[in-house]
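Reading the structure
Chain residues, written in single-letter form:
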Amino acid sequence: MPPLTSRPEWKALAAHHETMRGVHLRELFAKDPQRGERLVAEAAGLYLDYSKQRVTDETLRLLLDLARACGVRARVDAMFAGEKINVTEGRAVLHVALRAPRGTRIVVDGEDVVPGVHAVLDRMAEFAGRVRGGAWTGFTGRPIRNIVNIGIGGSDLGPAMATDALRWYRDPRLTLRFVSNVDGADFVAATHGLDPAETLFIVSSKTFTTIETLTNARTARAWCVRALGDERAVAKHFVAVSTAESEVRKFGIDPANMFPFWDWVGGRYSMWSAIGLSVMLAIGPERFRELLAGAHAMDEHFRATPFERNLPVVLALLGIWYDDFFRAETQAVLPYSHDLGRLPAYLQQLDMESNGKHVDLDGRPVDYQTGPVVWGQPGTNGQHAYFQLLHQGTKLVPCDFIGFLRDLDDVGEHHPLLLANLFAQTEALAFGKTAEQVAAEGVPAFQVPHRTFEGNRPSNTILAERLTPAVLGALVALYEHKVFVQGAIWRVNSFDQWGVELGKALATRIAPELTARDEPRLTHDSSTNALIRRFRRSASA
Ligand code: F6P
């Protein structure tokens, strides 16, 4: 494979970028009055308007050429076929199998994995039915009213995001809480006001060795046993979700109370597996299956649709256009939906842990930008905080706006106002306001430059009819596949995360140095040594 930046398709894009740098969206729209209806695509209940992007038909053609030249189609086929495309860990990457309908065949190491997926889903459904129906009781015989998921990263962000997003579909009798941070404040806040006799902990960890999760799980066990006065309470108040049965057993949870998944499910791609148990408990098995069906609809669209109409491919290529050619460093995700408040955090892990890589599949350092910094908050709150920079700052920040045509809550005139703000922001970012327009309004001359908006700031608008489980599934799968396509073009392994290891290892070394009774011999750098000593002095004061 030739290095990406020496490919003719890359060079053609670089040359084209020179001609596009100074082109304004005002011009592009003026030249093509149909642009707003032409540069759109639709699939799985999602409508993507990418007309407010700084692209022409030529740009799109060149980007599609790049995708083809980089073998994206073959990579997609390899993923769906269960090939071990996570090369550094020798694993298949099959989150698509988690939402494959019964009867689909996806083979890994000679075994069709789909029946196993459905067997676990059925077990989860049976368990959820018992908990939700009151048949699964706590140690004292009381029904479960509180669910606390303990996990971090992919074992937390997906379920936490989805249970917020699907608030409207949740069983109001169940309280859902999430504990992730090793900061004890998280555990205290999550269990505040909960009755241990009515509380079920789901310890979610792919590896079951993650220090934050095990620390929180031990604290939870002590909290539960202390209140209920009997070690046997653990069997009724703890279930585990993991790929590591022996670790679950070691922790003291009976494997009968464990919901498994598989090493071909990456942590950040796992909310569709048993890691979604808290989501299923919250919204019920049927709604959970709708979530999976929505993701599956996007999978099918991704697998079978020509690239030019393929939502994940189009999103990915636009991202690369800004990331690599305009050198935009970040990507904002702005849901105009309060319930999607945790989506940006979820997408941070999905994108940044997947594509925050500095070497290609062969281990060669890359000489181009890989994954962007992903960030965002729901609208309209962000408008009164950081949108100033988006409109008038010196940085180019491509934005994804996400909204829903219909509201789920009928509380008055909120929804048209919310959508008006979404549409207004994309318009203001794209077209801005010229100095002439500002002056014509009678603005004093000294204020004119301050009140001018240069515009030409690109955004996507993603709309759906309403926020349903199926739409959420499609939306998340859209971003999963976008990240996949970008990783395929950048030739990075989007499925490992070695970058988190060094900090973990050092923390494991430092933790005993903080608590050792005798002064430890510190061999870190002078800064780290001084910080450790400062902690020790404070602890012993
Ligand atoms: O921090 C890295 C990471 O491995 C993530 O990829 C993962 O989602 C998270 O930790 C939690 O891991 P586990 O599910 O094994 O506890």
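Anything mentioned here points back to the structure above.
What you are looking at is a predicted structure, and each value in this text was computed from that prediction instead of being measured.

Within this structure, the stated rule accounts for 37 salt bridges. A salt bridge links Arg-99 to Asp-299, with the nearest nitrogen and oxygen atoms 2.8 Å apart. Remark: Asp-299 occurs in helix H13 (residues 285-304) and Arg-99 occurs in the loop between helix H5 (72-80) and strand S3 (107-108); sequence separation between them is 200 residues. For Arg-99, a relative accessible area of 3% gives the class buried. Residues Arg-536 and Glu-519 are paired through a salt bridge, measuring 3.5 Å at the closest nitrogen-oxygen approach. Separated by 17 residues along the polypeptide, Arg-536 in helix H21 (residues 526-540) and Glu-519 in the loop between helix H20 (501-515) and H21 bring together distant segments of the chain. One connected set of salt bridges, linked through shared partners, spans Glu-58, Arg-61, Asp-65, Arg-68 and Glu-308.

Following the criterion strictly, the structure yields 22 aromatic pairs and no others. Between Phe-29 and Phe-431, the ring centres sit 5.0 Å apart and the planes meet at 80°, which makes this aromatic pair edge-to-face. In this pair, Phe-29 is assigned in helix H2 (residues 25-31) and Phe-431 in helix H17 (residues 414-431), connecting sequence segments 402 residues apart. Taking 6.2 Å as the distance between ring centres and 40° as the angle between the ring planes, the aromatic pair formed by Phe-484 and Phe-495 counts as tilted. Taken together, the residues span a long stretch of sequence, with Phe-484 in helix H19 (residues 469-490) and Phe-495 in the loop between H19 and H20 at a distance of 11 residues. The exposure classification of Phe-484 matches that of Phe-495, with both residues buried. Ring pairs connect the aromatic residues Trp-10, Trp-321, Tyr-322, Phe-325, Phe-326 and Tyr-368, which therefore count as one cluster. Lying over the aromatic face of Phe-29, Arg-35 brings its terminal NZ or CZ to 5.4 Å of the ring centre. We note Arg-303 situated over the ring of Phe-80; from NZ or CZ to the ring centre the distance is 5.9 Å.

This brings us to the site of the ligand. Neighbouring residues of the ligand: 14 residues in total, closest Ser-155, Ser-205, Lys-206, Thr-207 and Thr-210. Thr-210 places a polar side-chain atom, nitrogen or oxygen, 2.5 Å from an oxygen atom of the ligand. Taken by itself the ligand offers 390 Å² of open surface, and the protein chains cover 87% of this. When the residues that make up the shell around the ligand are grouped by side-chain class, the tally is two nonpolar, nine polar and three charged.

A separate point is the nonpolar core. One broad trend across soluble globular proteins is that nonpolar side chains are buried collectively. Ranked by internal contacts, the top residues of the largest apolar core, which has 131 residues, are Trp-264, Leu-472 and Ile-489. A total of 14 residues in this core trace back to one element, the largest contributor, which is H19. Those residues within four positions of Trp-264 in sequence are excluded, and the remaining contacts are Ala-92, Val-93, Leu-94, His-95, Ala-97, Leu-98, Val-108, Val-113 and Val-117. Grouped together as the second largest cluster of nonpolar side chains are 26 residues, Leu-194, Trp-223, Val-234 and Phe-238 included.

The strands making up a sheet are joined through hydrogen bonds of the backbone, oriented either antiparallel or parallel. Taken together, five strands build an open sheet; the order of strands is S6-S5-S7-S8-S9 and the sheet is parallel. Pairing within the sheet leaves two strands with one partner each, and these edge strands are strand S6 (175-179) and strand S9 (258-260). Across the sheet, the axes of successive neighbouring strands diverge by a mean angle of 20°, strand direction being ignored. Two strands pair when backbone bridges link them, and strand S5 (residues 146-150) and strand S7 (residues 199-204) are joined in this way by five bridges, in the parallel orientation. Its bridge partner lying in S7, Ile-150 is registered against Val-203. Docked against the sheet, helix H6 (residues 114-133) engages S5, S7, strand S8 (238-242) and S9, running at close to 150° with respect to S9. Taken strand by strand, helix H9 (residues 211-228) contacts S5, S6, S7 and S8, and its axis lies near 160° from that of S7.

It is the contact of helix H1 (residues 8-20) with helix H14 (residues 311-325), at a shortest axis distance of 11 Å, that shows an interaxial angle of 80°. Relative to H14, the element H1 lies roughly perpendicular. Of the residues in H14, those in contact with Trp-10, Leu-13, Ala-14, His-16, His-17 and Met-20 of H1 are Trp-321, Asp-324 and Phe-325. Looking at side-chain class alone, the contact of H1 with H14 contains six nonpolar, two polar and one charged residues.

Moving on, we come to helix H15 (residues 343-355). Taking 1.5 Å as the rise per residue, H15 with 13 residues should run 18 Å; its terminal C-alpha atoms sit 18 Å apart, in good agreement. Those residues of H15 that fall on the buried side of the exposure criterion are Leu-343, Pro-344, Tyr-346, Leu-347, Gln-349, Leu-350, Asp-351, Ser-354 and Asn-355. As for H15, its buried residues are in contact with helix H7 (157-165), strand S10 (330-335), strand S11 (373-375), strand S12 (399-404) and H19.

For the rest of this paragraph, the subject is H6. When the terminal C-alpha atoms of H6 are compared, their 28 Å separation across 20 residues agrees well with the 28 Å that a helix rising 1.5 Å per residue should span. Inspection of H6 places Val-114, Val-117, His-118, Val-120, Leu-121, Met-124, Ala-125, Phe-127, Ala-128 and Val-131 among the buried residues, and these make up the whole buried set. Directly after H6, the chain includes Gly-134, whose backbone phi takes a positive value near 85°.

The strand order across the open sheet formed by six strands is S1-S2-S13-S12-S10-S11, and the pairing between neighbours is mixed. Each end of this open sheet is capped by a strand with a single partner; those strands are strand S1 (40-43) and S11. Within the sheet, the average angular offset between the axes of one strand and its neighbour, ignoring direction, is 15°. Pairing of S12 with strand S13 (residues 459-464), which is carried by six bridges, proceeds in the parallel orientation. Within the sheet, the bridge partner assigned to Gly-403 lies in S13 and is Leu-463.

Close contact between H15 and H19 brings their axes to 10 Å; oriented N to C, the two are set at 20°. Relative to H19, the element H15 lies roughly parallel. In this structure, the crossing between H15 and H19 has a hand that is right-handed. For the pair H15 and H19, the contacting residues are Leu-343, Tyr-346, Leu-347, Leu-350, Asp-351, Ser-354 and Asn-355 in the first and Leu-475, Val-476, Tyr-479, Glu-480, Lys-482, Val-483, Gln-486, Gly-487 and Trp-490 in the second. Here the residues of the contact of H15 with H19 sort into nine nonpolar, four polar and three charged.

Reading the values: the criteria
- Residues numbered from 1 in each chain as written.
- Predicted model: local features only at pLDDT ≥ 70, side-chain atom pairs only at ≥ 80, totals over all residues.
- Heavy atoms only, no water.
- Salt bridge = Lys/Arg side-chain N within 4 Å of Asp/Glu carboxyl O.
- Helix = DSSP H or I, 4+ residues; strand = E, 2+ residues; numbered from the N terminus.
- Buried < 20%, exposed > 50% of the residue type's maximum accessible area, 1.4 Å probe, protein only.
- Phe/Tyr/Trp six-rings, centres within 6.5 Å; stacked < 30°, edge-to-face > 60°.
- Lys NZ or Arg CZ within 6 Å of the ring centre and 35° of its normal.
- Near = heavy atom within 4 Å.
- Polar contact = N/O pair within 3.5 Å; in protein donor to acceptor, adjacent residues only side chain to side chain.
- Areas by Shrake-Rupley, 256 points an atom, 1.4 Å probe, with all protein chains shown as cover.
- Nonpolar A, V, L, I, M, F, W, Y, C, P; charged D, E, K, R; others polar.
- Core = buried A, V, L, I, M, F, W, Y, C linked by side-chain atoms within 4.5 Å.
- Contact = heavy atoms within 4.5 Å.
- Pairing = 2+ DSSP bridges.
- Axes fitted to C-alpha atoms, helices over the stretch in contact; angles between N-to-C directions.
- Parallel < 35°, antiparallel > 145°, perpendicular 65-115°, else oblique.
- Expected span 1.5 Å × (residues − 1).
- Left-handed = near helix turned anticlockwise from the far one by under 90°.

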